[in-house]
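Residues per chain are reported as follows:
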Amino acid sequence: MIPLIEFRDLYKLYPMGDTVVHAVDGISMTIYEGEFVAIVGQSGSGKSTCMNIIGCLDVPTHGSYFLGGKDVSKMNDNRLAEIRNKMIGFIFQQYNLLAKLNVVENVEVPMLYAGVSKSERRKRALEVLSRVGLSDKIKNLPKQLSGGQQQRVSIARAMAGKPKLLLCDEPTGALDSRTGKEVLELLQEIHKEGNTVVLITHDNAIASKAQRIIRLEDGKIVYDGPAKGAPKQVSVEDGGEA
Amino acid sequence: MSLRQSFLMAIKNIMSSKVRSLLTMLGIIIGVAAVIVIVGLGNGMETYMTDSFKSMGTNLLTVTVLGRGSSRSVSVEDMYQLLDDNPEYLDALSPTVTYNGTVKIGSESLSSSVTGVSEDYLYMKAYEIDRGRDLSYIDMENRSKVCVVGSYISKEFFNGNPVGKEIKIGGNTFTVIGAMAEELESEEGSTDDCVYIPYTTAARLSNTGKISSYTFAVVSEETISESKAIIEEKLEKIFGSDSAFLVISLSEILDVMSQMIDIMVTVLAGIAAISLVVGGIGIMNIMLVSVTERTREIGIRKALGAKQRNIMSQFVIEAATTSALGGVIGIGMGYMFSEIATRVISVALEVEMKVIPTVGSVMLAFGISVGIGILFGYLPAKKAARLNPIDALRYE
């Protein structure tokens, strides 16, 4: 079985003054379809860089990244855009909805760039919106919704293009604990429906909702295994990383 | 993503900040309106001039004899001989003598123009006789004190029935034998404010007694240059010099003046078009600001799969749509100002000149405004398309 995500000895280096920062320092890992993985780490652990590379928003300095069997580590901007569009559904901490578009239009955006026809776009958008329980809000603007509702719109948007992977960057970071829990439960349900979910967080409590945890420290993997039985490490609140 | 969607998106964005969009368009609006009004003005000027020249007769050649000493002169007979010798070119002839006598009807003095002409003159000018009769050859022979009056005099002083009445010209009593049909609007000082008398009578009454001006009608306007050459050749033979006379054709003057108006309009429209360029720079400026403001939106769109060309076309189309919308408003304003200018000219100058925007100028102005939008939208669009999605997403 071909892994959905495969990092092979992957490095991401940033020059900073005279030194070179190893944001990702030789990581190898594989994630298969249908998994629910949390990538955990504190600020500066390299998890955001990891998420950018997984999300094809950035390319590694060395090493290879295979997404669905394809080496995407050397692709140019436009090819990456195509891969993002087809393979990945993004769920951001700040929701990142387009303020001028209403809910259903927001959900349609990825399909717009995929070249899906207007009627098909609308049909699929309404389907996923009903899946996240927002059928009654389709004409609202994002600012007319609560944070939890906005995050559910962004989940709907991520799912609308039927991507292989849902990539969530601190999806509950901007929500209160109750709505955060609801959003996590929704993600768990979506995973149970057969979707692959990769969740980036600094919060061990949230990470523990996943099946598998990959813990990063200083750009290296320090733990990769089931969420149950993962070493209980005292989470240090950093709050500095978005 | 189709062009139509990009276009709808652009309209949405323009509408979401109306004041800013309007201010952005202002340069284009002013430029387009100015170009349209200026071209319309030139067009109106040309039409007005052509019309008034036509009413004077573009089939006419005016010969002015300046003379050369006293030894050599040209007689009326010489000129009629010229007419008879060239029937394929020349159709009719009338000596013209401007008589500077005051016209008096009863106790009222008029400033009407008095011209001594032959029996063919009104025919040459295509003036119609409304009542009574035209001047005749007998009137020339007899140096009769008869006259044909224009419709202004006829209507204003004789209730439209002047035939048989008497008027005084320079102290001499003339009998009105005919009244002309209305040419323009029977206003004072217009073509309708005129008196025609036999040229023989006019020559005798005027102090010099010399006839120094002739008007020829040509057979065809197409051969007007040849006709002119024939007259010039003959006169040069008589005078032995080409500086003793002038042969002027109205159609030639019209051509030259039309050309001058064209040049003037082109120059003025060019100056107005500078405003279009300034407007384009304004659009570029606002688009650059807009790209910065919408960095996050661009980041989101790129993350969701927008390619460089998607972002590029979004911004170029937005710039072009802004500019085109400005162009459309400018066209509307251009038509409005043309209408206003027409009224102002008719009130202020008492000239019935219509400022008519040409379809060509409207299309050109619109085309240029769209082109400017694309041209000046390109740079900001390129900047937007090249944004790094990670940086753009982090942008606050």
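Observations regarding the overall build of chain A
So, point 1. In terms of regular secondary structure, chain A is built from seven helices and 10 strands.
So, point 2. C-alpha atoms of chain A, sized along the principal axes, occupy 50 × 40 × 40 Å.
So, point 3. Considering only intrachain contacts with a sequence separation of at least 6, the fraction spanning at least 24 residues in chain A is 68%.
So, point 4. Accessible area for chain A stands at about 10,600 Å²; split by element, carbon and sulfur atoms hold 51% of it.

Looking at the overall build of chain B
So, point 1. Broken down by element type, chain B carries 13 helices and 13 strands.
So, point 2. For 396 residues, the compact-globule estimate of 2.2 N^0.38 gives 21 Å, and the C-alpha radius of gyration of chain B, at 33 Å, exceeds that figure by more than 25%.
So, point 3. Expressed as lengths along the three principal axes of its C-alpha atoms, the size of chain B is roughly 105 × 50 × 30 Å.
So, point 4. Out of the 396 residues in chain B, the part that is buried amounts to 48%.
So, point 5. Partitioning the contacts of chain B with sequence separation of at least 6, the portion at a separation of at least 24 is 80%.
So, point 6. When the accessible surface of chain B is summed, it comes to about 19,200 Å², and 57% of that surface belongs to carbon and sulfur atoms.
So, point 7. Each charge class in chain B can be summarised by its mean position, and for the 33 positive and 43 negative side chains these summaries are 17 Å apart.

Quick look at the sheet that holds strand β8 (residues 196–201) of chain A
Through backbone hydrogen bonds, the strands of a sheet pair up, either in parallel or in antiparallel fashion.
All names here are of chain A.
So, point 1. Spatial ordering of the open sheet is given by β6-β7-β8-β3-β9-β10, a layout of six strands whose pairing is mixed. At either end of the open sheet lies a strand with only one pairing partner, and these are β6 (88–91) and β10 (220–226). For this sheet the average axis-to-axis angle between neighbouring strands, irrespective of direction, equals 15 degrees.
So, point 2. Across four bridges, β6 lies against strand β7 (residues 165–169) in parallel orientation. Paired with I88 across the bridge in β7 is L165.

Observations concerning the nonpolar core
So, point 1. Among the nonpolar cores identified, the biggest contains 63 residues, and I5(A), F7(A), I39(A), I54(A), Y65(A), L67(A) and V198(A) are the most heavily contacted of them.
So, point 2. The biggest single contributor to this core is helix α12 (residues 359–385) of chain B, with seven residues.
So, point 3. In this structure, L93(B), V103(B), I169(B) and A244(B) belong to the second largest nonpolar core, which totals 55 residues.

Observations regarding the pattern of salt bridges
So, point 1. Scanning all chains against the criterion turns up 25 salt bridges over all chains.
So, point 2. K123(A) is the partner of E120(A) in a salt bridge, and the nearest nitrogen-oxygen pair spans 3.9 Å. One end of the pair is E120(A) and the other is K123(A), both in helix α4 (residues 118–131) and three residues apart, which spans about a single turn.
So, point 3. Each member of the salt-bridge network shares a partner with another, and the members are R294(B), E297(B), R301(B) and E318(B).

So, the packing of helix α3 (residues 103–114) of chain A against α4(A)
All names here are of chain A.
So, point 1. At a minimum axis distance of 9 Å, the contact between α3 and α4 shows a crossing angle of 120 degrees. One way to sum up the angle between α3 and α4 is to call them oblique. Classified by chirality, the crossing of α4 by α3 is right-handed. Residues V103, V104, E105, V107, E108, M111 and L112 of α3 form the contact with α4, whose participating residues are R121, R122, R124, A125, L126, V128 and L129.
So, point 2. Broken down by class, the residue content of the contact of α3 with α4 amounts to nine nonpolar, no polar and five charged.

Observations concerning the pairing of strand β12 (residues 213–218) of chain B
Residue and element names in this part refer to chain B.
So, point 1. For β12, the tally of buried residues reaches six of six residues, placing the bulk of the element in the interior.
So, point 2. Side chains of β12 alternate between two faces, with S213, T215 and A217 and Y214, F216 and V218 buried alike.
So, point 3. The pairing of strand β1 (residues 60–65) with β12 spans five bridges and is antiparallel. Its bridge partner lying in β12, L60 is registered against A217.

The rules behind the values
Residues numbered from 1 in each chain as written. Chains lettered and ligands numbered in written order. Predicted model: local features only at pLDDT ≥ 70, side-chain atom pairs only at ≥ 80, totals over all residues. Heavy atoms only, no water. Helix = DSSP H or I, 4+ residues; strand = E, 2+ residues; numbered from the N terminus. Contact = heavy atoms within 4.5 Å. Areas by Shrake-Rupley, 256 points an atom, 1.4 Å probe, with all protein chains shown as cover. Rg over C-alpha atoms; globule rule 2.2 N^0.38 Å. Buried < 20%, exposed > 50% of the residue type's maximum accessible area, 1.4 Å probe, protein only. Lys, Arg positive; Asp, Glu negative; His and termini not counted. Charge placed at Lys NZ, Arg CZ, Asp CG, Glu CD. Pairing = 2+ DSSP bridges. Axes fitted to C-alpha atoms, helices over the stretch in contact; angles between N-to-C directions. Core = buried A, V, L, I, M, F, W, Y, C linked by side-chain atoms within 4.5 Å. Salt bridge = Lys/Arg side-chain N within 4 Å of Asp/Glu carboxyl O. Parallel < 35°, antiparallel > 145°, perpendicular 65-115°, else oblique. Left-handed = near helix turned anticlockwise from the far one by under 90°. Nonpolar A, V, L, I, M, F, W, Y, C, P; charged D, E, K, R; others polar.

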